[in-house]
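Here is how the chains run, residue by residue.
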Amino acid sequence: MDTTNQSGWNAEVLVVGAGAAGLWAAARAARGGRDVLLLEKTPRTGTKVLASGGTRCNLTTTLSVAEAAKLFRSKGERFLRPAFQNLPPQAVRERFAEWGVPTEVAPLEKIFPTSGRAKDVRDAMEREARSAGVRIELDAAVTGLRRDGDVWSVQVEGDRVAHAPHVLLCPGGQSVPKSGTTGDGYGWLQSLDLPLIPPVPALVPLTTEASWVHALTGIAWADGELRLIDPRGKAITRRRRPVLFTHTGLSGPAAMDLSVHVAQAPDAAWFVRLDLFPDEERDTLRDLLIELGNLPGKPYLGRLLPAAIPKRLLAAICAQAGFDEVPRPSEIGRAARHELVEALKGLEVPIHGTRGWDLAEVTAGGLDLRRVDPRTMRVNGIEGLQVFGELLDLDGPIGGLNFQAAFACAELAGGFLAND
Ligand SMILES: Cc1cc2nc3c(=O)[nH]c(=O)nc-3n(C[C@H](O)[C@H](O)[C@H](O)COP(=O)(O)OP(=O)(O)OC[C@H]3O[C@@H](n4cnc5c(N)ncnc54)[C@H](O)[C@@H]3O)c2cc1C
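The model shown is predicted, which means the values in this text are computed figures rather than measured ones.

## Observations regarding the overall build of the protein chain
The helix and strand tally for the protein chain stands at 14 helices and 23 strands. The C-alpha extent of the protein chain, read off along each of the three principal axes, is 85 × 40 × 35 Å. Relative to its full complement of 420 residues, the protein chain shows a buried share of 48%. The long-range share in the protein chain, meaning contacts at least 24 apart out of those at least 6 apart in sequence, stands at 73%.

## Remarks on the domain arrangement of the protein chain
Here the protein chain is described as being made up of domain 1 (7–201 + 362–417) and domain 2 (206–354). Between domain 1 and domain 2, the C-alpha centre-to-centre distance is 39 Å. Taken together, the contact between domain 1 and domain 2 spans seven residues of the former and nine residues of the latter. Looking at side-chain class alone, the side of domain 1 that touches domain 2 contains six nonpolar, no polar and one charged residues.

## Describing the packing of helix H2 (residues 47–55) against helix H6 (residues 118–131)
Look at H2 against H6: their axes get within 8 Å of each other, and the N-to-C directions meet at 155°. When the interaxial angle is binned, H2 and H6 end up roughly antiparallel. Here the hand of the crossing between H2 and H6 comes out right-handed. For the pair H2 and H6, contact is made by Val49, Leu50, Ser52, Gly53 and Thr55 and by Ala118, Lys119, Val121 and Arg122, respectively. Its residues placed into classes, the contact of H2 with H6 shows four nonpolar, three polar and two charged.

## Some details on the sheet that holds strand S6 (residues 110–113)
Pairing within the open sheet is antiparallel, and its three strands lie in the order S4-S6-S5. Two strands lie at the open edges of the sheet, namely strand S4 (60–61) and strand S5 (103–106), each paired on one side alone. The sheet contact formed by S4 and S6 spans two bridges and is antiparallel. Bridge pairing in S6 places Thr60 opposite Ile111.

## A word on the pairing of S5
The sheet contact formed by S5 and S6 spans four bridges and is antiparallel. Looking at the pairing, Glu104 lines up with Phe112 of S6. Linking S5 to S6, which pair antiparallel, is a turn of three residues; within it Leu108 sits at a positive phi near 60°.

## Section: the site of the ligand
Inspection of the region around the ligand gives 37 residues, with Gly17, Gly19, Gly172, Gly180 and Gly389 positioned closest. Sorting the residues of the shell around the ligand by element identifies helix H1 (20–31), H2 and helix H14 (401–417) as the ones contributing at least two each. Tallied by class, residues from the shell around the ligand come to 16 nonpolar, 15 polar and six charged.

## Topic: the sheet that holds strand S3 (residues 36–39)
Read across the open sheet, the five strands follow the order S7-S3-S2-S11-S23; overall the sheet is parallel. The outermost strands of the open sheet, each flanked by one partner alone, are strand S7 (135–137) and strand S23 (385–387). Going from strand to strand, the sheet's axes swing by 20° on average, the running direction of each strand aside. With three bridges joining them, S3 and S7 adopt parallel strand pairing. The residue bridging Leu37 from the neighbouring strand is Arg135, located in S7.

## Comments concerning helix H7 (residues 184–191)
For H7, the complete set of buried residues consists of Asp184, Gly185, Tyr186, Trp188 and Leu189. In this structure, the buried side of H7 is in contact with strand S8 (142–148), strand S11 (166–169), strand S12 (196–202) and strand S22 (362–367). At the exit of H7 stands Asp193, carrying a positive phi of roughly 60°.

## Observations concerning the environment of Asn402
Take Asn402: it is sitting in helix H14. Taking the C-alpha atoms as reference points, Asn402 and Leu108, separated by 294 residues in sequence, lie 15 Å from one another. Other than its neighbours up to four places away in sequence, Asn402 contacts Val362, Asp395 and Gly396.

## A short note on the environment of Asp230
If you trace the backbone, Asp230 turns up in the loop between strand S15 (225–229) and strand S16 (235–240). Distance in space between the C-alpha atoms of Asp230 and Val262 is 9.1 Å, their sequence separation being 32 residues. Every residue in contact with Asp230, bar those within four places of it in the chain, is listed here: Ile236, Ala268 and Trp270.

## Some points on the nonpolar core
Counting 81 residues, the largest nonpolar core has Leu14, Ala26 and Cys409 as its most contacted members. In terms of residues, this core owes the most to one element, H14, which gives 11 residues. Once residues within four sequence positions are removed from consideration, Ala26 is found in contact with Val15, Val36, Leu38, Ala129, Val134 and Gly414. Core analysis: the second largest hydrophobic core is formed by 50 residues, Leu250, Phe277, Ile332 and Val341 among them.

## Remarks on the packing of helix H4 (residues 73–86) against H14
At a minimum axis distance of 8 Å, the contact between H4 and H14 shows a crossing angle of 80°. Between H4 and H14, the interaxial angle falls into the category roughly perpendicular. Between H4, through Leu80, Ala83, Phe84 and Asn86, and H14, the contact on the second element is made entirely by Ala405, Ala408, Cys409, Glu411 and Leu412. Along the lines of polarity and charge, the residues of the contact of H4 with H14 split into seven nonpolar, one polar and one charged.

The rules behind each value
- Residues numbered from 1 in each chain as written.
- Predicted model: local features only at pLDDT ≥ 70, side-chain atom pairs only at ≥ 80, totals over all residues.
- Helix = DSSP H or I, 4+ residues; strand = E, 2+ residues; numbered from the N terminus.
- Buried ≥ 20, exposed ≤ 12 C-beta atoms within 10 Å, placed from the backbone.
- Contact = placed C-beta atoms within 7 Å.
- Domains from an automatic or database assignment.
- Nonpolar A, V, L, I, M, F, W, Y, C, P; charged D, E, K, R; others polar.
- Axes fitted to C-alpha atoms, helices over the stretch in contact; angles between N-to-C directions.
- Parallel < 35°, antiparallel > 145°, perpendicular 65-115°, else oblique.
- Left-handed = near helix turned anticlockwise from the far one by under 90°.
- Pairing = 2+ DSSP bridges.
- Near = placed C-beta within 6 Å.
- Core = buried A, V, L, I, M, F, W, Y, C linked by C-beta atoms within 7 Å.

Here it is in structure tokens:
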């Protein structure tokens, strides 16, 4: 990298990527008295914040520190505990309230701005950064970095270069590449000989080639439990959240939350089992079916179960139980009743993959957490370098957890540099 005759900047702290993590860390370091320059590739800050939560921005969770950290699987849990203890979900809410963005609780442990506008969240973060003194350079795509003595040289498109003793890398991952996150950080990590866990799309809809599933497009089931079954028939994880049938497979939080495992082994023979009535024991459903069979007249099965099942879905369940059509309760024999209960408690859908990067809400994989100090986000063995946000090998489920992780890690990273 030849940096002679290049225009550019000097700063004490260079932050790469003005997303959720970068805006937060830059503001924190600048509030702590540092001269901070924030470089952003696209013409605006916080693109994913703006798009998040269906443009409402589910910015954190009602869960406790321990409950929230646990959702990042064991490696992530250990790593995140100090960050979440330092900035718990409630503290994120308080910070946004200080910045003029009051928040409110929504179902499924979510927290949204009371205004319902993600733009208010992004604007507040940018305002806080600018008022703390952060210089923000938009349309400044970083292309590489290297350390010369005590100083980092960060190469920026347009033959520009930025120098600083401290570099904070938070260019995000690779999900929704059209938003600006095209996985640029992975090359930089490799150029620094840092270990990379292969990135895969996560929080993404699952696909199936089973046409009976495609025929259920538009049907949502609000309170089921989805289990992911590996090729040996072992349930490796489960999630109780809404699920949505689509023209390509399964979507909704339940399906998306399981998707990381599928993405990590896309050629495996996965399937999921949907328990439509996770609160009901098999015996209870069996007794109910017997009771229904004894009712006078010809009651319609779908209306009499614990929650009304849409006709197309009930037909699919009955087909899986071996019926040609939806039976009247009185027509169901003992063996068939068993099959029907099994299908209600575990409708089986083969899974053939995910919808990939374009529809993934986050990236799983990234910088190996073992190389990062979870109390400061410093990269072990490399002076003046901190990495956090989605570039780390960290991903949580839907529900404000990923922003919580980005903010909490950024608070530690910026706080470590602060002179306060
Ligand atoms: C559609 C969608 C909805 C989501 N909804 C939610 C939600 O409601 N709640 C939640 O918790 N999470 C949600 N997420 C996930 C959340 O957006 C991410 O986890 C979070 O934004 C990660 O923060 P980050 O700062 O690491 O990365 P990002 O927010 O992606 O920011 C990275 C920034 O770096 C910039 N950049 C990239 N390369 C370069 C480069 N070469 N030079 C300079 N800058 C660069 C990018 O343009 C971007 O601005 C959603 C994601 C998507 C895609």
